[in-house]
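Secondary and tertiary structure notes
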Amino acid sequence: MRQFIADHAEWLTVFQLPSYSPDLNPQEGIWSLVKRDIGNLAAADLGQITRAVKRRLKQIQYRSELVDGCLAGTGLITDG
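Heads up: these notes are all about the structure in this document. Remember, predicted model here, so these are calculated numbers, not experimental data.

Conventions adopted
Residues numbered from 1 in each chain as written. Predicted model: local features only at pLDDT ≥ 70, side-chain atom pairs only at ≥ 80, totals over all residues. Heavy atoms only, no water. Helix = DSSP H or I, 4+ residues; strand = E, 2+ residues; numbered from the N terminus. Rg over C-alpha atoms; globule rule 2.2 N^0.38 Å. Contact = heavy atoms within 4.5 Å. Areas by Shrake-Rupley, 256 points an atom, 1.4 Å probe, with all protein chains shown as cover. Lys, Arg positive; Asp, Glu negative; His and termini not counted. Charge placed at Lys NZ, Arg CZ, Asp CG, Glu CD. Patch = residues over 30% accessible without salt bridge, like charges linked within 9 Å, V, L, I, M, F, W, Y side chains within 5 Å. Salt bridge = Lys/Arg side-chain N within 4 Å of Asp/Glu carboxyl O. Buried < 20%, exposed > 50% of the residue type's maximum accessible area, 1.4 Å probe, protein only. Core = buried A, V, L, I, M, F, W, Y, C linked by side-chain atoms within 4.5 Å.

**Here we look at the overall build of the protein chain**
- A tally of helices and strands in the protein chain yields four helices and zero strands.
- Starting at the N terminus and walking to the C terminus, you meet the elements of the protein chain as α-α-α-α.
- In terms of overall dimensions, the protein chain is more spread out than a globule: its C-alpha atoms have a radius of gyration of 18 Å, far above the 12 Å expected for 80 residues.
- Across its three principal axes, the protein chain shows a C-alpha extent of roughly 55 × 30 × 20 Å.
- Residue pairs in contact within the protein chain that sit at least 24 positions apart in sequence constitute 43% of those at least 6 positions apart.
- Element-wise, carbon and sulfur atoms account for 55% of the exposed surface of the protein chain, whose accessible area totals about 6,700 Å².
- Where the 9 positive side-chain charges of the protein chain centre and where its 9 negative ones centre are 13 Å apart.

**Focus: a nonpolar patch on the surface**
- On the surface, Met1, Phe4 and Trp11 cluster together to form a nonpolar patch covering roughly 420 Å² of accessible area.
- Tracing the chain through its elements places Phe4 in helix H1 (residues 2-7).
- For Phe4, a relative accessible area of 41% translates into the label partly exposed.

**Let's talk about the nonpolar core**
- Core analysis: the largest hydrophobic core is formed by nine residues, namely Ile30, Leu33, Val34, Ile38, Ala52, Val53, Ile60, Leu66 and Cys70.
- Of all the secondary-structure elements, those providing two or more residues to this core are helix H2 (26-38), helix H3 (46-61) and helix H4 (64-73).
- Apart from residues lying up to four places away in sequence, Val34 is in contact with Val53, Arg56, Leu57 and Ile60.

Right, here's the structure in full:
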């Protein structure tokens, strides 16, 4: 990887991120939305939890403003 980066330095910019930084991971925002929605679910079995999570992820998928908000919340994406 280091060799690839060195060979393409004229067009490639690399930022070293910490090994664990949930505040820079937009996925954390998505999971927060899912957990908030199913937090009070009294599931009878694992299948019911799985269905609830998949249903919520599908709803989020079609609401681009939620996904955009999670990306913007990292501070890594700027508009324009």
